[in-house]
Amino acid sequence: MFWKKKKEKDTYGIIGLGRFGRALAMDLASSGADLLVLDKEEEKVRELRDYTENAYVVKNLDKKTLAETGIQNCDVAVVCIGEHMDTSILTTLHLVSLGIPRVIAKAASSEHGEILEKLGAEVVYPERDMAIRLARRLETSSVLDYIQLSEKLNISKLMVPARLVGKTVLGANLRGEFGLNIIAIENTGELTDSVRPEYVFRKEDIMFLSGSKSGLNRLSQWAEERDGS
């Protein structure tokens, strides 16, 4: 059984070691987090035993079996079983009823997500989020990456438009023109996360911007029009 150690850092329970669950577990393990991982397949569990001693093969995810693993002692439990909706919903219900402070569940559809939210879980949509990021990159060649945090707040990583090279941040006025804020600028591997108004844009600068999707779209369209002229 997994027993929570003295409070030094959060402990995590991961249920389901598919691509999403495995990647999450590996990333948390690499950061030194205390982990408990569960899956019905011995091979997947065996692989994770190199990273945590609390890796168990669990064929039945009923409340009693989950409690026997000690997952209720975790600060955060993540249900990574999005493709089997009935199992996902029941497992999430059990974890919430066990009193785990934070339960996060992967959803495969908006309807699935609505049910999970009503049970008291935080919901993530890995496939949808990846699709949004890919679509954004395909829509605009200058966009290197894209993260949608909400309907009104997005983070975009893009090459500085040629028209801005040689201009200052103040002169470019991206906030006034497009409602965008510059979070950071990267050039040749060096990141500047406190960008001053007098900073002069250079060729090969990569900008990290926050703002609405419409603002990011308008900037991208403007950049393509000006760069193509």
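Conventions used here
- Residues numbered from 1 in each chain as written.
- Predicted model: local features only at pLDDT ≥ 70, side-chain atom pairs only at ≥ 80, totals over all residues.
- Heavy atoms only, no water.
- Helix = DSSP H or I, 4+ residues; strand = E, 2+ residues; numbered from the N terminus.
- Buried < 20%, exposed > 50% of the residue type's maximum accessible area, 1.4 Å probe, protein only.
- Areas by Shrake-Rupley, 256 points an atom, 1.4 Å probe, with all protein chains shown as cover.
- Pairing = 2+ DSSP bridges.
- Phe/Tyr/Trp six-rings, centres within 6.5 Å; stacked < 30°, edge-to-face > 60°.
- 1 Å grid on protein atoms, 1.4 Å probe; cavity = no way out; pocket = protein on both sides within 12 Å on 5 of 7 lines; lining within 4 Å.
- Points joined across faces, edges and corners; volume = space filled by probe spheres on them.
- Nonpolar A, V, L, I, M, F, W, Y, C, P; charged D, E, K, R; others polar.
- Core = buried A, V, L, I, M, F, W, Y, C linked by side-chain atoms within 4.5 Å.
- Contact = heavy atoms within 4.5 Å.
- Salt bridge = Lys/Arg side-chain N within 4 Å of Asp/Glu carboxyl O.

In this section: the overall build of the protein chain. Looking only at helices and strands, the protein chain has nine helices and eleven strands in total. Counting all 229 residues of the protein chain, 40% fall into the buried class. Working note: accessible area of the protein chain is about 13,100 Å², and carbon and sulfur atoms make up 51% of it.

By the criterion of burial, strand E11 (residues 206-211) is predominantly enclosed, with five of the six residues buried. Bridge analysis of strand E8 (residues 154-159) against E11 gives six bridges, and the strand direction is antiparallel. If you follow Asn 154 over to E11, its bridge partner there is Gly 211. Pairing between strand E9 (residues 181-187) and E11: five bridges, direction antiparallel. Directly across from Ile 182, in E11, lies its bridge partner Leu 209.

Time to look at the packing of aromatic side chains. In this description, a pair of aromatic rings is defined by centroid distance and the angle of the planes. Applying the stated criterion across every chain yields a total of two aromatic pairs. Ring centres of Tyr 199 and Phe 201 lie 6.1 Å apart, and the angle between their planes is 80°; this geometry places the pair in the edge-to-face category. Each member of the pair, Tyr 199 as well as Phe 201, carries the same accessibility label: buried.

Turning next to the layout of surface pockets. Estimates place the volume of the largest pocket at around 420 Å³. Looking at the largest pocket, it is lined by 23 residues, and the ones nearest its centre are Lys 40, Leu 61, Ile 81, His 84 and Thr 87. Put simply, the parts of the chain that give the lining of the largest pocket at least two residues each are strand E2 (34-39) and helix H4 (85-97). For the lining of the largest pocket, the leading source of residues is H4, giving five residues. Taken together, the residues of the lining of the largest pocket break down into eight nonpolar, seven polar and eight charged.

In summary, soluble globular proteins display a tendency toward joint burial of nonpolar side chains. Counting residues in hydrophobic clusters, the biggest one holds 21 residues, and the most contacted among them are Ile 15, Leu 38, Leu 66, Ile 71 and Leu 95. For this core, the secondary structure elements donating two or more residues are E2, strand E4 (76-79), H4 and strand E5 (102-106). Setting aside anything within four residues of it in sequence, one finds Ile 71 in contact with Gly 13, Ile 15, Leu 36, Leu 38, Leu 66, Ala 77, Leu 95, Leu 98 and Ile 100. One finds Val 169, Ala 172, Phe 178 and Leu 209 within the second-largest nonpolar core, a separate group that totals 16 residues.

What follows concerns the environment of Leu 98. Summarising the element assignment, Leu 98 is placed in the loop between H4 and E5. For the pair formed by Leu 98 and Lys 63, sequence separation is 35 residues and the distance between their alpha carbons is 7.9 Å. Contact partners of Leu 98, with chain neighbours within four places excluded, come to Lys 63, Leu 66, Ala 67, Ile 71 and Gln 72.

Moving on: the pattern of salt bridges. As enumerated under the stated definition, the model contains eight salt bridges in all. Glu 47 is the partner of Arg 22 in a salt bridge, and the nearest nitrogen-oxygen pair spans 2.6 Å. A residue pair is termed long-range when its members are at least 10 positions apart, and Arg 22 in helix H1 (residues 19-30) and Glu 47 in helix H2 (residues 42-48) qualify at 25 residues. On the basis of relative accessible area, Arg 22 is assigned to the partly exposed category, the value being 32%. A salt bridge links Arg 49 to Glu 42; its shortest N-O distance comes to 2.9 Å. Since its relative accessible area comes to 38%, Arg 49 is described here as partly exposed.

The quantities given are spatial measurements derived from coordinates; they are silent on function.
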